[in-house]
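# Remarks on the overall topology
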Amino acid sequence: MSATAARRPIAPLVIALGGDVLAALLAGPRVASGFGPGSDASYDAARLVAVYATLPRLATALLAGAALALAGAIFQQVLRNPLASPTTLGISAGANLTLVLATLFLPSALAFGREFVALAGSAAVALLVLGLGMRRGFSPLALVLSGLVISLWCGALAAVLVFFNERTLVSLFIWGAGSLAVQDWSIPLKLLWQVGALAVLSLLFARPLGLLDLGDTSASALGVKVAALRLGSIAIAVALTAVVTSAVGVIGFIGLVAPAIARLAGARRVLPLLVWSSLIGAALLFLADASLQTLAGSFGDYLPTGAVTALFGTPVLLFLLPRLKLGHRVIAASNRNPRRRFTAQQAAAIVLPLLVLVALMAILFGRSIAGDWEWLWAGMQADLLALRMPRVVAAFASGAMLAVAGVLLQRLTGNEMASPEVLGISAGATFGLAVGLFVTGIAGFGGQAGFAGIGAFSVLGIILLFAARANFAPERVLLAGIALSAMVDALVGLLAVLGDPRALLLLRWMTGSTYSADGNLAVALSISAIVLIGLALLARRWLDLIPLGPAPATAVGMSLSRSRLALYGLAGLLSAVATIGVGPLSFIGLMGPHLARELGLTRALPQTAGAAVIGGTLLLLADWLGRTLVFPYQIPAGLMSALIGAPFLILLLSRRTQA
Amino acid sequence: MALGQVFPSLAANGPRVVSLDNGLASTLLGLGVTPVGIADRSSWEKWVAEPLLPPEVVDLGVPAEPNLEVLAALRPDFILTTPYLDAQLPRLREFGTVLRYNSFIHEGAPILDMAIDVTRQLASAIGRVDEGGRFIAGMDSHFELCRTRLAAVSPPAVALAYFMDARHARVYGDPSLFNDVLGRIGVANAWTEPSNQWGFQGISIDELSRIADPAARLIAFEPIPPDLMEALKRSPLWQKLPIAQSGRFSTLPPALSFGMVNEAIRFASLLTDLLEQGA
């Protein structure tokens, strides 16, 4: 034991230094090329690039990495939550969204300083996430759930804005994804004093923060003002995030991974944790950026490092996951017994008329070419109907399938946050589509479904593997899913940045546009939905028994492992097919089951049926809004439903805790 | 709801043509046909500017995803598209005769010649052969005029660039529409390296230092976002660049590099005006 303790302080140092040395080796040649025998020309391009682009970029990487890691370490310590970080709490995304909004609608605000604009966004998200978390006793999962939902929402809104201001925002788009490209020393110098000041402040908080580990009452007894301490530390972490985001955009996962590595390497007490996290974070981002620049060659300047950190961060995280000691047991399902509001009949009486109403509106109400709102009446044009019907059908079928997949996954994992989107299964399906598109140039529903299926099942397999090793602890499954999701997003994003025309098709899948839905796709999706949802309804007994645990299931002679496997497979198929229709972004798989339960549909059969109808209706509504709001331009249904769904989900989360 | 009631002038006037490409749309105007609808109508003023687009031309949305409901309602006789939008071909054929022209992806012939060839093809396809001949002859005489005006000021070589961000630019070498226009009006292209098939080369701005001619001028196309110009002015890589010094660097109002005859004419006028002033 003492031997381990003595060795420990060395481990973080080795990791931090190792990363730096490796990165320096990669970046070295490029810097050195600028300091060779100077050319006689008045404009020595190589030297100028080394001095004003390459070196300040390295400095920016080190500073931004350190700042994000420090912010992550503070969040994790204060919230006593190993999953907390600027990425997972949505703080980075909030900062980015306000910057995008300000650039588009209030450029004068940027004159006050980009930091302050970013700070407004990150502080607002922090207040929202922590406010919601407080109601649930700062349960780590609840916090990260709200954070990720807000993060996805901010990301979706920023994506829509960028989509419609494509040409003006090209540079912003690259930057929004975390580009470290700089033209001179102004950014690293600014970061140096800002991050430096905040780091010194945070070190002052280190000792009292350590006392929090004794518990709030003991800490108070020792004279620590617990609430003020928490608030102050969080403010520092939020400011660190805002400063970095305003300078270089969103860089994911450094703030999550670096403190985890530091802790694993033996940093236990607060001060070493903060110091080593910062150093490791700096090394990580430095290494990520240097590798990117080396590997990507001439594309290096365009590729956003922030997207690539997810590629680095995820494997590390997955590797760490089984070894990570989660200091807190998580209340997985806080509401096994929600109030029964309505009977199944009453719920149907509410939901079905709504469905009919939305469907009629989606088919009959639209915009004329002059942009006026108009109804299609009995003598309406058949050609318009032929254009709208496939999209309406595709949206409904996909939404229904996603919602049913959500029901299956939530019942299987006993985790009310599980859904194809959150677990990364939809992202896996998208990645499968991307691979299929780039490798074989697939066309047609069958081929697409095949590749989407392979992607979805790969992710599902990885999740199950990790879940089994972690004894199905919900937080681990979830974290693995989030990480995989981010990794797939990053990979798809990279493919898109490389500028292939096929990226356009990929973007359509990513954003969940029903634009390409024709009669054939609508029919294929409908048949899949009927068959797969039918199977889920047939499995209602399994679905009722599985959440009760192994004893009741075996008592009625049911093979738990085989039925679980079959249901996971069904959920994978549902997610894969639905992704072809509406992409990986929509929150339908999460919202459908929640809403059904909220209505009082708790047993498997009514919940599945209810979720299917609700999910389909929501996506129908999203598709209609996306088609009509900005006519003749269109917002993809997946993005639109994420925009509607996320605030709704937040509302739901906050309402539930009051009850 | 019949279209004639909404836009009577369109219903009465020649073939109903829809264009998903701005260069083809401006060529239509050059041939005396007003398109009933075009894609990306909302950004015409920003990227094409000239010729002016009549207000009754309907917006079809983004070129890669033209709004099919609008397309159906316009009942076009012809839909003009480019190879860049080939993914949409099967869908488009449901709505009218699709005319697919390659006017800007280099395939051997100089791009200006391709644009002229496509103009002739389009003119004959929509029954405007005479107008097509006059349109191209007008371009030739315009180039001659510019050439004469410029010969009087013995113009410097010019490098033509569009800024992507504060570090990167596209420069237009050979093959490109603008390079061919330079040849016709008697101005040397200072950027002698070849372009890609799209008619530009993506470079880092410090690579502009490879232009050896000390008299050469750098001309950047607008729109340049204001924050980008600010970032450039702060960048030492730009400040110290010889060709970026005042007197050698200027900007030019937008001209569509993926354009055709009208864009070539516009570019020739803008450049001639600029170089005459600078002389």
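Just so it is clear, the structure is predicted and the values come from calculations on it, not from any experiment.

Turning next to the overall build of chain A. Summing up its helical and strand segments, chain A has 27 helices and 2 strands in all. The buried share of chain A, reckoned over its 659 residues, is 59%. Put simply, of all contacts in chain A between residues at least 6 apart along the chain, 79% involve residues at least 24 apart. Carbon and sulfur atoms make up 71% of the accessible area of chain A, which amounts to about 25,500 Å² in all.

Within chain B, the secondary structure is distributed over 12 helices and 10 strands. The C-alpha radius of gyration computed for chain B amounts to 20 Å, which stays within 12% of the reference 19 Å derived for 279 residues, consistent with globular compactness. Principal-axis analysis of the C-alpha atoms gives chain B an extent of 60 × 40 × 35 Å. Counting across all 279 residues of chain B, residues that qualify as buried make up 60%. A sequence separation of at least 24 residues applies to 62% of the contacts in chain B between residues at least 6 apart. For chain B, the separation between the mean place of its 22 positive charges and that of its 31 negative charges on side chains is 2 Å.

Attention now goes to the pattern of salt bridges. Tallied over the entire structure, the rule returns 16 salt bridges over all chains. For A:Arg388, the salt bridge goes to B:Glu69, with nearest N and O atoms at 2.8 Å. Of this pair, A:Arg388 sits in helix α16 (residues 382–413) while B:Glu69 is found in helix α5 (residues 68–74), placing the two residues in two different chains. The pair formed by A:Arg388 and B:Glu69 is uniform in burial state, with each residue classed as buried. Through salt bridges with shared partners, a single network forms among A:Arg388, A:Asp623, A:Arg627 and B:Glu69.

With that settled, the discussion passes to the interface of chain B and chain A. At the junction of the two partners, chain B supplies 42 residues and chain A supplies 33 residues. Both faces considered, chain B and chain A share a buried interface measuring about 3,600 Å² in area, 59% of it formed by carbon and sulfur atoms. It is B:Glu65, B:Glu69 and B:Arg167 in chain B that bury the most area against chain A; as a group they hold 19% of the surface buried on that side. Counting every contact that joins chain B to chain A gives 2 salt bridges. When the shortest N-O distance is used, the salt bridge between B:Glu69 and A:Arg627 registers 3.7 Å. Where chain B meets chain A, there are 6 residue pairs in polar contact (both at pLDDT 80 or more). Those elements giving two or more residues to the side of chain B that touches chain A turn out to be α4 (44–47), β3 (58–59), α5 and α11 (236–239) of chain B. Ranked by the residues each element gives to the side of chain B that touches chain A, the list is headed by α5(B), at 6 residues. Looking at the side of chain B that touches chain A residue by residue, the classes come out as 21 nonpolar, 8 polar and 13 charged.

This brings us to the confidence of the model for chain A. All names here are of chain A. Averaged over all residues, the pLDDT of chain A is 77; the fraction at 70 or higher stands at 78%. Scored below 50 in pLDDT, residues 1–7 shows 1 contact in the model against residues more than four places distant or in partner chains. Ignoring residues within four places in sequence, the model shows residues 327–337, a span with pLDDT below 50, making 19 contacts including any to other chains.

Residue and element names in this part refer to chain B. Here Asp 174 and Pro 175 are connected by a cis peptide whose omega angle stands at 5°. Among the structural elements, Pro 175 can be located in the loop between β7 (168–171) and α9 (177–185). The omega angle of the peptide bond from Glu 222 to Pro 223 is 5°, so this bond is cis rather than trans. Note on placement: Pro 223 falls in the loop between β9 (217–221) and α10 (226–234).

Turning next to the packing of helix α7 (residues 111–125) of chain B against helix α8 (residues 129–151) of chain B. Residues and elements named next belong to chain B. The contact between α7 and α8 brings their axes to 7 Å, and the two run at 155°. Considered as vectors, α7 and α8 are oriented roughly antiparallel to each other. Once α7 is placed against α8, the crossing between them reads as right-handed. Taken together, the residues of α8 that come into contact with α7 (itself represented by Leu 112, Ile 116, Thr 119, Arg 120, Ala 123 and Ser 124) are Val 129, Gly 132, Phe 135, Ile 136, Met 139 and Phe 143. For the contact of α7 with α8, the per-class residue count stands at 8 nonpolar, 3 polar and 1 charged.

Residue and element names in this part refer to chain A. Over its 35 residues, helix α3 (residues 45–79) extends 49 Å from the first C-alpha to the last, a length consistent with the 51 Å expected when each residue adds 1.5 Å. The sharpest bend along α3 reaches about 30° and sits at Val 51. With 30 of 35 residues buried, α3 is to be regarded as a mostly interior element. Within two residues after α3, Arg 80 carries a phi angle of roughly 50°, on the positive side.

Right, let's talk about the nonpolar core for a bit. Membership of the largest hydrophobic core comes to 162 residues, with the highest contact counts inside it found for A:Phe75, A:Leu240, A:Met401, A:Leu408 and A:Leu574. Among the elements that take part in this core, α16(A) stands out by supplying 14 residues, more than any other.

For the rest of this paragraph, the subject is the sheet that holds strand β2 (residues 37–38) of chain B. Strand pairing in a sheet relies on backbone hydrogen bonds, with the paired strands running either antiparallel or parallel. All names here are of chain B. Here 5 strands make up an open sheet; going across it, the order is β3-β2-β1-β4-β5 and the pairing parallel. Each edge of the open sheet carries a strand with a single partner, namely β3 and β5 (97–100). One ladder, built from 4 bridges, connects strand β4 (residues 78–81) with β5; its direction is parallel. Among the inter-strand pairings, Leu 80 is bridged to a residue of β5, identified as Leu 99. Across the sheet, helix α3 (residues 22–30) is in contact with β1 (17–19), β2 and β4; its angle to β1 comes to roughly 145°.

Our next topic: the sheet that holds β9(B). All names here are of chain B. Judged by pairing direction, the sheet is mixed, and its 5 strands sit side by side in the order β8-β7-β6-β9-β10 without closing on themselves. Only two strands of the sheet have a single neighbouring strand rather than two, namely β8 (201–204) and β10 (249–252). Pairwise comparison of adjacent strand axes, ignoring direction, gives a mean angle of 35° for this sheet.

To continue, consider the packing of aromatic side chains. Residues and elements named next belong to chain B. Tallied over the full model, the rule gives 9 aromatic pairs over all chains. Geometrically, the ring pair formed by Phe 163 and Phe 249 is tilted, given 6.4 Å between the ring centres and 55° between the ring planes. In this pair, Phe 163 sits in strand β6 (residues 158–163) while Phe 249 sits in strand β10, placing the two residues 86 residues apart along the sequence. Between Trp 238 and Phe 249, the ring centres sit 5.0 Å apart and the planes meet at 85°, which makes this aromatic pair edge-to-face. Placement of the pair is Trp 238 in helix α11 and Phe 249 in strand β10, with a sequence separation of 11 residues. For Trp 238, a relative accessible area of 6% puts it in the buried group. Taken together through their ring pairs, the aromatic side chains of Tyr 172, Phe 178, Phe 221 and Phe 267 make up a single cluster. Directly above the ring of Phe 200 sits Arg 170, whose terminal nitrogen or CZ lies 4.1 Å from the centroid.

Residue position: A:Val100 is located in helix α4 (residues 91–105). Remark: the alpha-carbon pair of A:Val100 and A:Leu161, spanning 61 residues in sequence, is separated by 7.9 Å.

Reading the values: the criteria
- Residues numbered from 1 in each chain as written.
- Chains lettered and ligands numbered in written order.
- Predicted model: local features only at pLDDT ≥ 70, side-chain atom pairs only at ≥ 80, totals over all residues.
- Heavy atoms only, no water.
- Helix = DSSP H or I, 4+ residues; strand = E, 2+ residues; numbered from the N terminus.
- Buried < 20%, exposed > 50% of the residue type's maximum accessible area, 1.4 Å probe, protein only.
- Contact = heavy atoms within 4.5 Å.
- Areas by Shrake-Rupley, 256 points an atom, 1.4 Å probe, with all protein chains shown as cover.
- Rg over C-alpha atoms; globule rule 2.2 N^0.38 Å.
- Lys, Arg positive; Asp, Glu negative; His and termini not counted.
- Charge placed at Lys NZ, Arg CZ, Asp CG, Glu CD.
- Salt bridge = Lys/Arg side-chain N within 4 Å of Asp/Glu carboxyl O.
- Buried area = accessible area lost by both parts, 1.4 Å probe.
- Polar contact = N/O pair within 3.5 Å; in protein donor to acceptor, adjacent residues only side chain to side chain.
- Nonpolar A, V, L, I, M, F, W, Y, C, P; charged D, E, K, R; others polar.
- pLDDT = per-residue confidence, 0-100.
- Axes fitted to C-alpha atoms, helices over the stretch in contact; angles between N-to-C directions.
- Parallel < 35°, antiparallel > 145°, perpendicular 65-115°, else oblique.
- Left-handed = near helix turned anticlockwise from the far one by under 90°.
- Expected span 1.5 Å × (residues − 1).
- Bend = angle between axes of the 7 residues up to and from the residue.
- Core = buried A, V, L, I, M, F, W, Y, C linked by side-chain atoms within 4.5 Å.
- Pairing = 2+ DSSP bridges.
- Phe/Tyr/Trp six-rings, centres within 6.5 Å; stacked < 30°, edge-to-face > 60°.
- Lys NZ or Arg CZ within 6 Å of the ring centre and 35° of its normal.

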